[in-house]
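Here are the chains, one letter per residue:
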Amino acid sequence: MQQEAGLRSASFAPGYDGADPAVDARTANWLDAVKLGFHEQRADPARLPALVDAYQRDGRTLTAVYDDLAPEAAWDPAVPVATYATMVNTLNVGGGRLVPAHLVTAVTVRPTHRRRGILRRMITADLTGARKAGLALAALTASEATIYGRFGFGAATSTAETMVDTRGGLEFTAPPSGSVAVADSAKLKFLAPEIYRAHLAGTLGALGRQHGYWMRASGTWSEEGSEPDKALRGVIRYNTDGVPDGYAAYKSQGWGTEPHTVKVTDLIAATDEAYRELWRYLGSLDLVDRLTFNHAPVADPLPWMLADRRRYRVAGVDDVLWLRILNTQAALEARHYSGSGAIVLTVKDSLGLAGGSWHLQADGGTGTAAALDGGPAPSGTAAVEIDVDALGSLYLGGVSARTLAAAGGIRGSRDALEILDALFSAGAAPYCSTHF
Ligand SMILES: CC(C)(COP(=O)(O)OP(=O)(O)OC[C@H]1O[C@@H](n2cnc3c(N)ncnc32)[C@H](O)[C@@H]1OP(=O)(O)O)[C@@H](O)C(=O)NCCC(=O)NCCS
């Protein structure tokens, strides 16, 4: 990566120093820099090995930018002034298709070094490398909505912050099925990833999870750090054949909270029945007046399950996954199509990674995208021009082409937009409850 004078960058795998069971200094310094960037407490050295173990399981690559010209009393120059990490995990792009996505995380630039183009250089080099390595999609979850559009990322999925009034217990319209058991936390740590795999396989927009999720679901780690969370409780739902197909983790917000509230920190269901039965369990907790869940689907079936739907409230909606198309042809051919039709897409990409024109034809769930390479578009086929960030937003069907056109990200006739919507809309809104 090209850097300005005095700055030096390096990429490495998180790791231990073979001779010392402690974390190696390079990784510890990198983690300390991330903590500075996100205004978190300094890392506790005793907890670093567990974090590094999790990072290794995630297959993370860490990138650091160092300032060799730091003044004398400045923080150790071995602590980077910028951090960036990547890993690959699978994304459900519809029809049960799982596609590897290049995930970007831990992006920080020290306040003293901001707005000098350090992020731009890191992300441009990284996305270019990921495309060369054969990845069709990149993704991230953003701290601020204003940063990543310029790099071609578009908001693609959202979740709802929900609140349910459970005073006197929740009544469900459908009869109960299967059973729910309070989990042995040590066992949930190993069962949760299996249940999640089934959820991932069946949920458009779901993304493979980092190791930290299993540590938190089981209370081995707290939400904020890697110390145990003694207040967290877990439950597992078993279907009528006794097969586990869902889990939830929750904790009381304390007796001082008015009304007494239980926060659901994670809830993963591989089937609709599991989703319903986990909520039935949570809604039956005595001494609890309110449940909150900050990662609910925007098309949440929960209010439709209740005898009194007005007990359910949405307090807010947040974007989760931001998608960046790296290779347009590969991305278009990877996804599932529920409609059929043909369109010419001209993609505009200021980073020069995904731009060009393609003739997309979809039928029977599968699409083929032929590059036009400057040649003429097939006559009679509708055509649109689309910005690469708008294509990222459209990709999972989380927003309609007409809405994106109204916002200016797609240019085309009304007929062309209707074709795009028939091709890309997927029915249920994509659902990703994974942050990274
Ligand atoms: C966000 C952050 C990484 C930006 O790093 P940076 O090196 O200052 O960014 P750059 O100088 O490369 O800026 C690149 C472009 O993004 C813009 N930009 C950067 N951060 C921005 C922000 N927070 N809001 C709006 N625009 C931003 C710059 O204005 C610049 O625009 P231009 O190239 O179109 O003129 C840095 O401010 C930071 O560490 N913030 C705190 C941690 C954080 O939020 N990280 C993101 C986690 S998802």
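Residues numbered from 1 in each chain as written. Predicted model: local features only at pLDDT ≥ 70, side-chain atom pairs only at ≥ 80, totals over all residues.

Novice: Explanation requested: the overall build of the protein chain in the structure shown.
Specialist: Counting its secondary structure elements, the protein chain contains 11 helices and 19 strands. Here the protein chain has a C-alpha radius of gyration of 23 Å; the compact-globule value for 436 residues is 22 Å, and the two agree. In terms of its C-alpha atoms, the protein chain occupies a principal-axis envelope of roughly 65 × 65 × 35 Å. Per-residue burial for the protein chain yields a buried fraction of 44% across its 436 residues. (Helix = DSSP H or I, 4+ residues; strand = E, 2+ residues; numbered from the N terminus. Rg over C-alpha atoms; globule rule 2.2 N^0.38 Å. Buried ≥ 20, exposed ≤ 12 C-beta atoms within 10 Å, placed from the backbone.)

Novice: Just checking my understanding: could you explain the sheet that holds strand β2 (residues 61–67) for this structure?
Specialist: Think of a sheet as strands paired side by side through backbone hydrogen bonds, with each pair either parallel or antiparallel. Strand order in this open sheet of 7 strands is β1-β2-β3-β4-β5-β14-β6, and the pairing throughout is mixed. Strand pairing shows two members of the sheet lacking a second neighbour, β1 (7–12) and β6 (154–155), which therefore form its edges. Relative to strand β14 (residues 322–325), β6 runs antiparallel, the two sharing 2 bridges. Looking across to β14, one finds that G154 is bridged to L323. (Pairing = 2+ DSSP bridges.)

Novice: Looking at this structure, how should I read the environment of A369?
Specialist: With respect to the helices, strands and loops of the structure, A369 is situated in strand β17 (residues 366–371). By the C-beta count within 10 Å, which is 20 here, A369 ends up buried. Note: C-alpha distance between A369 and A330 (39 residues apart in sequence) is 8.2 Å. If we skip the residues at most four places from it in the chain, A369 touches Q329, L332, E333, W358 and L360. (Contact = placed C-beta atoms within 7 Å.)

Novice: Would you explain the pairing of strand β18 (residues 383–387) in this entry?
Specialist: Along a regular strand, successive side chains alternate from one face of the sheet to the other. The pairing of strand β15 (residues 341–348) with β18 spans 5 bridges and is classified as parallel. Paired with T346 across the strands is E385, a residue of β18.

Novice: It is not clear to me how the sheet that holds β15 should be interpreted in this structure. Could you clarify?
Specialist: Taken together, the 5 strands give an open sheet; going across it, the order is β17-β16-β15-β18-β19, and neighbouring strands pair in mixed fashion. The strands lining the two open edges of the sheet, one partner per strand, are β17 and β19 (410–412). Sheet twist, expressed as the mean angle between neighbouring strand axes with direction ignored, is 25°. Pairing of strand β16 (residues 356–363) with β17 involves 6 bridges; the strand directions are antiparallel. Pairing of L360 across the sheet is with A369, part of β17. (Axes fitted to C-alpha atoms, helices over the stretch in contact; angles between N-to-C directions.)

Novice: What exactly am I supposed to notice about the pairing of strand β7 (residues 158–165) here?
Specialist: As paired strands, β7 and strand β13 (residues 312–319) are joined by 7 bridges and run antiparallel to one another. For S158, the partnering residue across the bridge sits in β13 and is D319. Where β7 lies against strand β12 (residues 290–297), 6 bridges are found, and the strand directions are antiparallel. Its bridge partner being in β12, D165 is matched across the sheet by R290.

Novice: It is not clear to me how the site of the ligand should be interpreted in this structure. Could you clarify?
Specialist: Around the ligand, the surrounding shell holds 18 residues, and the nearest of these are V109, R114, L119, R120 and S143. When residues of the shell around the ligand are traced back to their parent elements, those giving at least two are β4 (98–109) and α3 (118–132). Partitioned by chemical class, the residues of the shell around the ligand number 7 nonpolar, 5 polar and 6 charged. (Near = placed C-beta within 6 Å. Nonpolar A, V, L, I, M, F, W, Y, C, P; charged D, E, K, R; others polar.)

Novice: What exactly am I supposed to notice about the environment of S11 here?
Specialist: The topology assignment puts S11 in strand β1. Assessed through the 16 C-beta atoms surrounding it within 10 Å, S11 is described here as partly exposed. S11 sits 54 residues away from V65 along the chain, and the two C-alpha atoms are 8.9 Å apart. Those residues in contact with S11, other than ones at most four positions away along the chain, are T61, L62 and T63.

Novice: Would you take a moment to explain the domain arrangement of the protein chain for this structure?
Specialist: Size of an interface, as often reported, equals the accessible area lost when the parts are brought together. Here the protein chain is partitioned into domain 1 (7–135), domain 2 (159–319) and domain 3 (327–424). Domain 1 and domain 2 are separated by 31 Å when their C-alpha centres are compared. When contributions to the side of domain 1 that touches domain 2 are tallied by element, the ones reaching two or more residues are α2 (48–58) and β3 (82–92). Here the residues of the side of domain 1 that touches domain 2 are counted per class, giving 5 nonpolar, 5 polar and 3 charged. (Domains from an automatic or database assignment.)

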